[in-house]
Amino acid sequence: MRVGSIAVSTVMGLIGGLSLAPVASGQELLTNGGAESGGLDGWVLDGSAFPAGDAVFGAVPVTSTGLGPRSGSFLFVHDVASTGAASQSGVISVMRQTLPALGGGTPLVLAGALASSGPPSCDPARIRLVFRDEAGEEIGGGADSGWILSNDTWQPVLLEATIPAGSATMTVELLGRLDCGVFIDAFFDDLSLSPEGGCNAADIAPAFGVLDLSDISAFVAGFLSGDPIADFNDDGLFDLSDIGLFVTAFTGGCS
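Small disclaimer: the values here were computed from a predicted structure and weren't measured.

Trainee: Let's hear about the side chain of Thr63: which residues, and what values?
Mentor: Here Thr63 is to be found in the loop between β2 (56–60) and β3 (75–79). Look at Thr63 and you get buried, because its relative accessible area is 9%. Polar side-chain contacts of Thr63 include one of 2.8 Å to the side chain of Thr65. With residues near it in sequence (within four places) discarded, Thr63 still touches Leu75 and Phe187.

Spelled out as structure tokens, the structure:
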């Protein structure tokens, strides 16, 4: 098969001369997941439901309830203690970070710690992982912690998801909801998004955490058989674009 010959020769030619070595597994994809910049760097706030002037989200070293960071020096807080929004039960605000999606079929782990100030019937916290297509429409396959109530106690969260074919972006969302019409906060810390097992998009075969000939073989086999694991740009075609993306990921290694 002509395309198969091109795939094998191109991949082996571009990668064959490299020295293959172990790399760190679970490459971190989020920026400022633990609020350690002391600000919202890397995150975008959607506070459209709140009157101008509401802080809504911030990064702080300790909260008014005495809850400190789960680790490091800062945590994110959802704080609606300013204008009239605090009397509107059910109001939700969102802070999000959007990244280009890795290849379809890549398993991900979204982890973090969530808390809310008591009583545990008010203002819960929530995190979501959302995939969207090129048109910006949400598609299935995401992950959701649901609303978490904790009464000033950190609750660890670990969510798993597999990137669906056709994903253009992946977004981590932090959500705070006002339930009681009183000044109660929700807290977030230690947020992390990483490929599960593999260190980057090219680490598609065991042993994970190592970029080696097994990954090359798995890619070539997937390319020849039409397996989505080799459709790196999720366009339903298996061509030189996929080869180029695989080679770029492979030679880029992991940080």
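From this point on, the discussion continues.
Trainee: Account for the confidence of the model for the protein, with residues named and values stated.
Mentor: Residue-level pLDDT values for the protein average 80, and 74% of them are 70 or greater. Across the protein, the element-wise mean pLDDT spans from 57 in helix α1 (residues 2–15) up to 96 in strand β6 (residues 125–132). Taken as a whole, residues 19–25 scores under 50 in pLDDT and shows 17 contacts with residues more than four places along the chain or in a different chain.

Trainee: Account for the sheet that holds strand β8 (residues 155–162), with residues named and values stated.
Mentor: Sheet architecture is open: five strands sit in the order β2-β3-β10-β5-β8, paired in antiparallel fashion. Only two strands of the sheet have a single neighbouring strand rather than two, namely β2 and β8. Going across the sheet, the axis of each strand differs from the next one's by a mean of 30°, ignoring polarity.

Trainee: Got a sec to walk through the packing of helix α2 (residues 213–225) against helix α3 (residues 240–252)? Specific residues and values, please.
Mentor: Orientation of α2 relative to α3, taken along the N-to-C sense of each, is 165°, at an axis distance of 12 Å. Classed by the angle they form, the pair α2 and α3 counts as roughly antiparallel. Two packed elements cross with a definite hand, and for α2 against α3 that hand is right-handed. Where α2 abuts α3, its residues Asp215, Ile216, Phe219 and Phe223 lie against Asp242, Ile243, Phe246 and Phe250. Residues that form the contact of α2 with α3 fall into these classes: six nonpolar, no polar and two charged.

Trainee: I'd like to hear about unusual backbone geometry, residue by residue, with values.
Mentor: Positive phi, close to 55°, is recorded for Asn32, a residue that is not glycine. In this structure, Asn32 sits in the loop between α1 and β1 (44–46). For Asn32, a relative accessible area of 15% translates into the label buried. Of note in this structure, Asp234 is not a glycine but carries a positive phi near 55°. The topology assignment puts Asp234 in the loop between α2 and α3.

Rules of the game
- Residues numbered from 1 in each chain as written.
- Predicted model: local features only at pLDDT ≥ 70, side-chain atom pairs only at ≥ 80, totals over all residues.
- Heavy atoms only, no water.
- Helix = DSSP H or I, 4+ residues; strand = E, 2+ residues; numbered from the N terminus.
- Buried < 20%, exposed > 50% of the residue type's maximum accessible area, 1.4 Å probe, protein only.
- Polar contact = N/O pair within 3.5 Å; in protein donor to acceptor, adjacent residues only side chain to side chain.
- Contact = heavy atoms within 4.5 Å.
- pLDDT = per-residue confidence, 0-100.
- Pairing = 2+ DSSP bridges.
- Axes fitted to C-alpha atoms, helices over the stretch in contact; angles between N-to-C directions.
- Parallel < 35°, antiparallel > 145°, perpendicular 65-115°, else oblique.
- Left-handed = near helix turned anticlockwise from the far one by under 90°.
- Nonpolar A, V, L, I, M, F, W, Y, C, P; charged D, E, K, R; others polar.

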